[in-house]
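Listed here are the chains, written in short residue letters.
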Amino acid sequence: MTADFRHFYQKNWAERTAIVAQQAHLTPAEQALFKQYYLPQHHEIIENYLTDYPLPMGLAVNLVVDGVDHIVPMVTEEPSVIAAASNGAKIVKRAGGFTTVLNQREMIGQIVLEQLSDPAATAAVIEAHAAALLKVADAAHPSLKKRGGGARRLRTRVLGQGYLSIDLFVDVQAAMGANMLNSMLEAVAKSIGVMTKQDALLSILSNYATASLVKAICDIPVGLLQAGRYAGKLVAQKIASASTVAQLDPYRATTHNKGIMNGIDAVAIASGNDWRALESGAHAYAVKDGQYRGMSTWTSDGRMLHGELELPLPVGIVGGSIKINELAQLNQRILGIQTAGDLERIMVAIGLAQNLAALRALVTTGIQQGHMHLQLKSLAMAAGATPEELPVILQRLELASQQDLATTQQLIAELRQTKEETDD
Ligand SMILES: CC(C)(COP(=O)([O-])OP(=O)([O-])OC[C@H]1O[C@@H](n2cnc3c(N)ncnc32)[C@H](O)[C@@H]1OP(=O)([O-])[O-])[C@@H](O)C(=O)NCCC(=O)NCCSC(=O)C[C@@](C)(O)CC(=O)[O-]
Ligand SMILES: NC(=O)C1=CN([C@@H]2O[C@H](COP(=O)(O)OP(=O)(O)OC[C@H]3O[C@@H](n4cnc5c(N)ncnc54)[C@H](OP(=O)(O)O)[C@@H]3O)[C@@H](O)[C@H]2O)C=CC1
């Protein structure tokens with residue numbers, strides 16, 4: 001029997017959970033999970049709130065950005081992401097760390113007009129009134145100008161088929177700025193409507209944030225890339241080759257970029273940012289020349305491996321859910337950041353560190369060894385191995401026919417027994 005979901009959003013929490021329990025035939029124990037993860041202060045963040053859905057948060061370490069050492073909170077459910085970010089960061093740290101370039105932080109919003117008989121003529125009228133329209137934009141969010149931000153410029157683009165985009169560039173200061181920009185855009189759209197007798201089709205922020213680019217760069221002596229029996233110079237050449245493949249092949253570029261966003265998304269979530277906005281902008285930027293390519297590039301001259309990653313990463317350290325997310329605020333303290341630009345610099349560096357570690361693993365041992373290594377490491381720790389016992393236990397586990405908790409506990413017991421006998 002399908003429950004009655006009319007005005008579900010107006011029901012209280014108990015009614016909602018009862019309906020879900022009935023609809024999904026939940027046991028009392030299953031239903032108790034809603035209570036276990038329930039946070040009253042999250043009732044109003046989203047609609048039809050049921051409960052929280054905790055995700056693991058860990059710390060990436062060794063990240064040096066523009067000479068400053070950071071520990072980086074990362075929220076992810078995927079094993080080895082944080083290990084990889086730390087691994088890549090550690091290699092780059094030994095080479096002096098990442099440097100970053102951030103030239104401007106402006107968000108772009110657009111107002112689209114349709115069915116124009118002469119879009120260019122309409123564009124000319126709008127351009128002629130640009131200064132007045134910027135004032136309208138600022139009047140829609142006066143506090144931003146007081147903070148030193150505000151509408152900076154306006155651009156028109158004839159899209160074809162009678163459509164015209166009027167783009168507004170806004171310095172949004174410490175915020176990501178979507179909501180602020182949307183209010184400014186709606187005010188400007190009204191003014192344009194009066195000016196041109198054309199009602200806007202739509203007005204909205206653009207996530208293709210090409211006026212909010214940030215770049216990470218690193219130069220690594222090839223000797224630091226040595227991996228087991230693989231000499232550093234060879235590893236550097238293979239990483240450069242893997243980078244070239246990602247430039248040529250969208251199939252490879254997609255996974256190459258997923259690896260980069262593994263790190264960036266994890267920091268976006270930990271800092272309370274809209275990671276969907278970052279994902280769409282980053283992947284759109286990967287097609288900027290018409291073909292979808294790897295977001296980063298790696299080149300080697302035989303002595304050094306040079307890496308670069310430039311992305312639109314418009315994040316905020318205020319606004320959005322940040323204001324009601326105490327962990328996101330705490331994570332800003334852990335990151336040691338003062339501005340949204342600082343956060344962008346760390347995020348783009350984490351993306352490049354992630355990418356370095358992934359490519360180095362792929363072109364040497366393959367990705368699985370690291371994964372298995374991690375799985376066995378966490379298995380040994382779960383079985384109670386001490387850090388001192390870990391190397392021996394890992395060696396024995398890798399040779400063991402079974403790699404489960406009981407086997408591991410047995411190996412640890414045997415190791416301790418042997419040690420006791422040796423000590424006596
Ligand atoms: C997994 C490692 C790091 C092992 O690599 P390793 O060489 O065995 O690591 P290590 O034991 O030599 O340790 C080196 C450093 O790595 C870090 N590290 C090492 N182990 C841990 C751990 N347990 N927990 C936390 N950090 C760890 C840590 O910083 C450590 O330094 P230390 O602390 O010893 O001074 C390496 O194989 C690696 O980086 N692999 C890449 C893994 C990866 O990219 N995972 C993401 C998921 S796969 C994916 O979705 C992306 C991909 C691959 O598809 C992208 C693409 O295709 O391009
Ligand atoms: N396509 C997209 O990506 C879209 C995203 N969103 C959502 O929009 C949200 C982000 O929008 P955003 O406008 O940043 O969030 P808010 O609407 O929370 O606006 C940020 C607010 O922070 C306050 N503030 C305090 N200090 C500063 C400062 N130094 N600089 C700037 N603002 C400051 C301002 O409030 P005051 O001036 O009043 O004090 C400002 O209104 C995210 O939740 C995102 O998910 C929404 C629509 C579309």
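Residues numbered from 1 in each chain as written. Chains lettered and ligands numbered in written order. Predicted model: local features only at pLDDT ≥ 70, side-chain atom pairs only at ≥ 80, totals over all residues. Heavy atoms only, no water.

### Quick look at the layout of surface pockets
Next up, step 1: Approximately 980 Å³ is the volume attributed to the second largest pocket.
Next up, step 2: What lines the second largest pocket is a set of 38 residues, and nearest its centre among them are A84, N87, A357, A361 and G370.
Next up, step 3: Sorting the residues of the lining of the second largest pocket by element identifies α3 (81–94), α9 (250–270), α12 (340–362) and α13 (367–382) as the ones contributing at least two each.
Next up, step 4: The greatest single-element share of the lining of the second largest pocket, amounting to eight residues, is contributed by α12.
Next up, step 5: Both domain 2 (57–103 + 212–366) and domain 4 (370–423) contribute no fewer than three residues apiece to the lining of the second largest pocket. (1 Å grid on protein atoms, 1.4 Å probe; cavity = no way out; pocket = protein on both sides within 12 Å on 5 of 7 lines; lining within 4 Å. Points joined across faces, edges and corners; volume = space filled by probe spheres on them. Helix = DSSP H or I, 4+ residues; strand = E, 2+ residues; numbered from the N terminus. Domains from an automatic or database assignment.)

### Here we look at the site of ligand 1
Next up, step 1: Surrounding ligand 1, one finds 24 residues, the nearest of these being S80, K90, R252, K258 and L374.
Next up, step 2: One of the side-chain nitrogen or oxygen atoms of S80 is found 2.8 Å away from a nitrogen atom of ligand 1.
Next up, step 3: Within the side chain of K377, one N or O atom sits 3.3 Å away from a nitrogen atom of ligand 1.
Next up, step 4: Here ligand 1 loses 71% of its free accessible area of 1,100 Å² to cover by the protein chains.
Next up, step 5: In a pocket analysis with a 2 Å cut-off to the grid points, ligand 1 is assigned to the second largest pocket. (Near = heavy atom within 4 Å. Polar contact = N/O pair within 3.5 Å; in protein donor to acceptor, adjacent residues only side chain to side chain. Areas by Shrake-Rupley, 256 points an atom, 1.4 Å probe, with all protein chains shown as cover. Sits in = over half its atoms within 2 Å of the grid points.)

### Re the pattern of salt bridges
Here the idea is simple: oppositely charged side chains can pair when their charged atoms come close.
Next up, step 1: As enumerated under the stated definition, the model contains 14 salt bridges in all.
Next up, step 2: One salt bridge connects D167 with R155, and the closest N-O pair in it is separated by 2.8 Å. Of this pair, D167 sits in strand β6 (residues 163–171) while R155 is found in strand β5 (residues 150–160), placing the two residues twelve residues apart along the sequence.
Next up, step 3: For D167, a relative accessible area of 1% translates into the label buried.
Next up, step 4: D301 is the salt-bridge partner of R303, the closest N and O atoms lying 3.5 Å from each other. Here R303 and D301 have matching classes, each one exposed. (Salt bridge = Lys/Arg side-chain N within 4 Å of Asp/Glu carboxyl O. Buried < 20%, exposed > 50% of the residue type's maximum accessible area, 1.4 Å probe, protein only.)

### Considerations on the site of ligand 2
Next up, step 1: Taken together, 21 residues lie around ligand 2, and S143, G177, N207, D274 and K323 are the ones closest in.
Next up, step 2: At 2.4 Å from an oxygen atom of ligand 2 is found a side-chain nitrogen or oxygen belonging to S143.
Next up, step 3: A distance of 2.9 Å is found between an oxygen atom of ligand 2 and a side-chain nitrogen or oxygen belonging to N207.
Next up, step 4: When ligand 2 is considered free in solution it has 920 Å² of accessible area, and contact with the protein chains removes 69% of it.
Next up, step 5: It is helix α7 (residues 178–196) that contributes the most residues to the shell around ligand 2, four residues altogether.

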